[in-house]
Amino acid sequence: KILQRRCLPVRIVFTKEANARFISHLDLVRCFTRIFSRAGIPVSHTQGFNPHPYMVFSPPLSLGVLSDCEIVDIKTDEPMSGEEIKRRMSLAVPADIRIADAYEDGEKLNLIDNADYELTVPENCVSEFENFISQDRIEIEKKAKKGGMKTVCISDGMTVKSRTNKENDSVFVINLPCNSENNVGVNLLMKAFSEFTGGKTCPITVKRVAFFKKDGTVFK
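Residues numbered from 1 in each chain as written. Predicted model: local features only at pLDDT ≥ 70, side-chain atom pairs only at ≥ 80, totals over all residues. Heavy atoms only, no water.

(A) Just empty space enclosed by the protein, in detail. What the rule picks out here adds up to two cavities of 30 Å³ or more. Estimated volume of the largest cavity: approximately 60 Å³. Lining the largest cavity, in full, are Phe14, Lys16, His25, Leu28, Phe57, Ser58, Pro59, Pro60, Leu61 and Glu70. Of all the elements in the fold, those that place two or more residues in the lining of the largest cavity are strand E1 (10–16) and helix H2 (25–39). Residues belonging to the lining of the largest cavity are distributed by class as follows: six nonpolar, two polar and two charged. (1 Å grid on protein atoms, 1.4 Å probe; cavity = no way out; pocket = protein on both sides within 12 Å on 5 of 7 lines; lining within 4 Å. Points joined across faces, edges and corners; volume = space filled by probe spheres on them. Helix = DSSP H or I, 4+ residues; strand = E, 2+ residues; numbered from the N terminus. Nonpolar A, V, L, I, M, F, W, Y, C, P; charged D, E, K, R; others polar.)

(B) Spatial organisation of the nonpolar core. Core analysis: the biggest nonpolar cluster contains 37 residues, and Leu119, Phe129, Ile154, Ile174, Leu189 and Ile204 have the highest contact counts within it. Counting only elements with at least two residues in this core, the list comes to strand E3 (66–74), strand E5 (114–122), helix H4 (123–133), strand E9 (169–177), helix H5 (186–196) and strand E10 (205–212). For this core, the leading source of residues is H5, giving six residues. The contacts of Ile174, once residues within four sequence positions are left out, are Ala115, Asp116, Tyr117, Leu119, Phe129, Ile133, Met158, Thr159, Val160 and Leu189. Phe32, Val43, Val72 and Ile99 belong to the second-largest nonpolar core, a separate cluster that totals 24 residues. (Core = buried A, V, L, I, M, F, W, Y, C linked by side-chain atoms within 4.5 Å. Buried < 20%, exposed > 50% of the residue type's maximum accessible area, 1.4 Å probe, protein only. Contact = heavy atoms within 4.5 Å.)

(C) Quick look at the packing of aromatic side chains. Within this structure, the stated rule accounts for eight aromatic pairs. Centre to centre, the rings of Phe14 and Phe32 are 4.6 Å apart; their planes meet at 50 degrees, and the pair counts as tilted. You can see Phe14 sitting in strand E1 and its partner Phe32 sitting in helix H2, a full 18 residues away along the chain. Taken individually, Phe14 and Phe32 each receive the classification buried, so the pair is uniform in this respect. Taken together, the ring pairs in this structure connect Phe129, Phe132, Phe172, Phe193 and Phe196 into an aromatic cluster. The positively charged end of Lys75 is found above the aromatic ring belonging to Tyr54, 4.7 Å away from the centroid. For the cation-ring pair, Lys161 lies above Phe212, with the distance from its terminal atom to the ring centre recorded as 4.2 Å. (Phe/Tyr/Trp six-rings, centres within 6.5 Å; stacked < 30°, edge-to-face > 60°. Lys NZ or Arg CZ within 6 Å of the ring centre and 35° of its normal.)

(D) Geometry of H5. Turning to H5, its buried residues number three or more, namely Val186, Leu188, Leu189, Met190, Ala192 and Phe193. In this fold, the buried residues of H5 make contact with E5, H4, strand E6 (139–143), E9 and E10. Following H5 by one or two positions, Gly198 has its phi on the positive side, about 75 degrees.

(E) How the structure looks around helix H3 (residues 82–90). For H3, the full list of buried residues reads Gly82, Ile85 and Met89. Down the axis of H3, the buried set is contained in an arc of 60 degrees. They therefore lie on one face. Considering only its buried residues, H3 is in contact with E1, H2, E3 and strand E4 (97–104). (Arc of directions from axis to C-beta.)

Written as C-alpha cells, this is what we have:
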C-alpha cells in the first residue's frame, strides 16, 4: 500500500506575486529544489547517472507575468498528505511566492490546452489596445526551434473573453493556447502591441489566472 502511494504524484499549486514575476523558469526550478529541502519534503529523485528531484512544471510563464495558477507535480519517497506539504512549504517559500493548494490525483499536465490571462490596461492606452486586439490578424516574428525567424499569427488561437472597466484602467481577459503543438506566450502578444503602437510605453500588468483543457473545462 505504501509503495503504491509513492507512485502517486502530489500536485502543488502556487502563485507568483509582485517581484516573483521576475524569476525565470530555470531559476524557479532551482528555487523549488531549495524550498523542498528547507521544508523537509522527501521528494523522489530520477534514476540514472545524474539524478535530480522529480519535478514537473506547468507550461513556463513569460518573464514579468504574475500568476494565480502555477503548478509543479512531485513524487515523494514517503507518504505525505497534500495538507502537510502545503503547511511545510508555506513556511519555506520566499517572499511573493504563495502555496495555494496541494493535493493528490491531479489531471495529467499534458491535458493543459490553453490559459486565461488578465491584462490590466491603463486608461490612456485602452483605446489603442482595443484597436490592436480587434484586428483581423495579429502577426509577430519569433525565433524558430531550428534557428532563424518565423511569423506567428497570434490572433488564430486568441479569444478576448471579457473587458471590465475600473476607475483608472480596464481589465481584459484574453485566452491563449499553451499546449505542445501551439504555445503562444503572452509576451508575444505584448511585443506585437508594442510594435502596433510604434514602441509607445504602456505599463500593462499581466497575470495568468487559469488553465483549461481542450474541451473548455478548467484544468485541475
